[in-house]
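Report on the structure
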Amino acid sequence: FPVTISSTNLLYLERYGPTKKQEQLLAFYKNGDFKKQLNNALNINLINTRLRVSNKTAIGFGMNVRSASNASSSAYNFQDSLSHINSFFQINDKNQPLQASVRSSSWLELFGTIAHNLVDSKNLIWNAGITVKANKGMFGFIANLDNAVYSRIAPSVPVYLLNDINLRYIYSGNLDKWDPSKPFSENIRNYYGSTEGGGSMDIGMEWIIKDRKNIDLFENKTKYNYTWKLGISLLDLGYAQYKHGVLSGNVSGIKPNINGLILSQKFDSTITDLATFNDSVK
């Protein structure tokens, strides 16, 4: 089953009261002038098996689909009523230079794990575990926008001239292997065949101080209470890797006389794929 963990200051949730006939959960973009960030992690367990080898040792193995994403930006103001790029430039004149970055990685992993009880004394239980994972990088994406600076053409005209910008966007090359004219099975084979391998590991320990009032419960191997428990772990120590896609881009600088109106015309609803986007960037 999928497990998703997210944190962001981009959105806020609003729930209608339970007295409503149909309770709804709505998400709204946060207007305002501040730094933006988004973190998201997804874990889909495809196979997960655990076996007890002895009273002190257990092993496990399985397969997961994992994903992790991060997006952040310098402080900028955004209002959902903005109608064009010049309006955005106008309310962010004091936030220059504008910066933003996006990172995303998705991978398929096979894992094997072992957990062992190191100490089980009258007062203390000490457990440790390690998981070793091999992965295939299924999809990766990086985008950076730096040093976006602009100036107003004239004090009386709300049109802004873009003076400089650095832009880099890179995606994993296995997407280039997908051909809509080919059968699905062949596309999957080509897609997976162009993935790169990687590896990682998890390590962790836990310490349990037994409850002296219920010490007999430990001895009977039944559900027990404890005074306190401390667990420490380091997760996903490793890497996933990808080949660069052929339509990735890395550009710096800008042609003269590019203003907000031209940008709105170049980057409109006609851009439906990365090739068209690259054409507008050029």
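Since this is a predicted model, take the numbers as computed values, not measurements. (Residues numbered from 1 in each chain as written. Predicted model: local features only at pLDDT ≥ 70, side-chain atom pairs only at ≥ 80, totals over all residues. Heavy atoms only, no water.)

Notes on the overall build of the protein
Cut-off, in case you're wondering: Helix and strand labels come from DSSP, where a helix needs a run of H or I of at least four residues and a strand needs a run of E of at least two; each type is numbered from the N terminus. Here the globule rule is a power law, 2.2 Å times the number of residues to the power 0.38, and the radius of gyration is based on C-alpha atoms. For every residue, the accessible area obtained with a 1.4 Å probe (protein chains only) is divided by the maximum for its type, and the residue is called buried under 20%, exposed over 50%, and partly exposed between those limits. Residue contacts are counted whenever heavy atoms from the two residues lie within 4.5 Å of one another. Per-residue and other accessible areas follow the Shrake-Rupley method at a 1.4 Å probe size, with only the shown protein chains counted as cover for residues. In summary, the charge assignment counts Lys and Arg as positive and Asp and Glu as negative, without counting His or the chain termini. Taken as the charge centre is NZ of Lys, CZ of Arg, CG of Asp or CD of Glu, depending on the residue.
Summing up its helical and strand segments, the protein has 5 helices and 13 strands in all. Expected size for 282 residues packed as a compact globule is a radius of gyration near 19 Å; at 26 Å, the protein overshoots this value by more than 25%. If you line up the protein on its principal axes, its C-alpha atoms span 85 × 50 × 40 Å. With 282 residues in all, the protein has 26% of them scored as buried. Of the contacts made within the protein by residues no fewer than 6 positions apart, 69% connect residues no fewer than 24 positions apart. With an accessible surface of roughly 18100 Å², the protein has 58% of that area assigned to carbon and sulfur atoms. Counting 30 positive and 22 negative side-chain charges, the protein places the averaged centre of each group 5 Å from the other.

Notes on the nonpolar core
Condition: Residues belong to one nonpolar core when they are buried, are Ala, Val, Leu, Ile, Met, Phe, Trp, Tyr or Cys, and are joined through side-chain atoms within 4.5 Å.
Among the nonpolar cores identified, the biggest contains 11 residues, and these are Leu10, Tyr76, Phe89, Leu98, Ala148, Tyr150, Tyr160, Leu162, Ile165, Ile258 and Leu263. Elements with a contribution of two residues or more to this core: β9 (124-154) and β10 (157-171). Of the residues forming this core, the biggest block, 3 residues, is contributed by β10. Each residue touching phenylalanine 89, except ones within four places of it in the same chain, is listed here: Tyr150, Tyr160, Leu162, Gly260 and Leu263.

Structural notes on the environment of leucine 46
With respect to the secondary-structure elements, leucine 46 resides in strand β5 (residues 37-52). For leucine 46, a relative accessible area of 46% gives the class partly exposed. C-alpha of leucine 46 to C-alpha of aspartate 33: the two residues are 13 residues apart in sequence and 42 Å apart in space. Those residues in contact with leucine 46 that lie beyond four places of it in its chain are Met63, Asn64, Val65 and Leu108.

Description of the packing of aromatic side chains
Heads up, the condition is: Side-chain rings of Phe, Tyr and Trp (the six-membered ring for Trp) are treated as a pair once their centres are within 6.5 Å; stacked means planes under 30 degrees apart, edge-to-face means over 60, and tilted covers the remaining angles.
Applying the stated criterion to the full structure yields 10 aromatic pairs. Relative to tyrosine 150, the ring of phenylalanine 89 lies with its centre 4.1 Å away and its plane at 20°, an arrangement referred to as stacked. Taken as a pair, phenylalanine 89 in helix α1 (residues 85-91) and tyrosine 150 in strand β9 lie far apart in primary sequence, 61 residues in all. A single burial state applies to phenylalanine 89 and to tyrosine 150, both of which are buried. With centroids separated by 5.6 Å and ring planes inclined at 55°, the aromatic side chains of phenylalanine 267 and phenylalanine 277 adopt a geometry described as tilted. Of this pair, phenylalanine 267 sits in the loop between α4 (260-266) and α5 (274-281) while phenylalanine 277 sits in helix α5, placing them 10 residues apart in sequence.

As for a nonpolar patch on the surface
As a reminder, the rule being used: Patch construction takes residues with relative accessible area above 30% that form no salt bridge. Like charges are linked within 9 Å, and nonpolar side chains (Val, Leu, Ile, Met, Phe, Trp, Tyr) are linked within 5 Å. Any Lys or Arg side-chain nitrogen found within 4 Å of a carboxyl oxygen on Asp or Glu counts as a salt bridge.
A contiguous nonpolar patch, built from Leu51, Val53, Ile59, Phe61, Ile114, Ile130, Val132, Met201, Ile203, Leu234 and Leu237 and spanning about 890 Å² of accessible area, is present on the exposed surface. Of all elements in the fold, only β6 (57-73), β9, β11 (197-210) and β12 (226-239) reach the threshold of two or more residues within the nonpolar patch. Mapped onto the secondary structure, isoleucine 114 falls in strand β8 (residues 98-120).

What about the environment of asparagine 48?
The topology assignment puts asparagine 48 in strand β5. In this structure asparagine 48 comes out as partly exposed when scored by relative accessible area, which is 45%. A sequence separation of 126 residues divides asparagine 48 from asparagine 174, and the C-alpha atoms of the two residues are 27 Å apart. With residues near it in sequence (within four places) discarded, asparagine 48 still touches Phe61, Gly62 and Phe111.

Re the pattern of salt bridges
Across all of its chains, the model carries 7 salt bridges by this definition. With its nearest N and O atoms 3.2 Å apart, the salt bridge here joins arginine 66 to glutamate 109. In this pair, arginine 66 is assigned in strand β6 and glutamate 109 in strand β8, connecting sequence segments 43 residues apart. By relative accessible area, glutamate 109 is classed as buried at 1%. A salt bridge links lysine 182 to glutamate 186, with the nearest nitrogen and oxygen atoms 4.0 Å apart. What makes lysine 182 partly exposed here is its relative accessible area of 34%. Under the relative-accessibility criterion, glutamate 186 is labelled partly exposed at 25%. Three or more residues are tied together by salt bridges with common partners; here these are Arg66, Glu109, Lys133, Asp202 and Asp236.

Considerations on the side chain of threonine 195
Operational definition: In the analysis that follows, any N or O atom pair within 3.5 Å is treated as a polar contact, provided that within protein one partner can donate a hydrogen and the other can accept it, and provided that, for residues neighboring in sequence, both atoms belong to side chains.
Following the sequence through the fold, threonine 195 ends up in the loop between α2 (184-193) and β11. Given the relative accessible area of 7%, threonine 195 is considered buried. Polar contacts involving the side chain of threonine 195 include one to the main-chain carbonyl oxygen of tyrosine 192, which spans 2.6 Å. Ignoring anything within four residues of it in the chain, the contact list for threonine 195 reads Lys136, Gly137, Met138 and Asn174.

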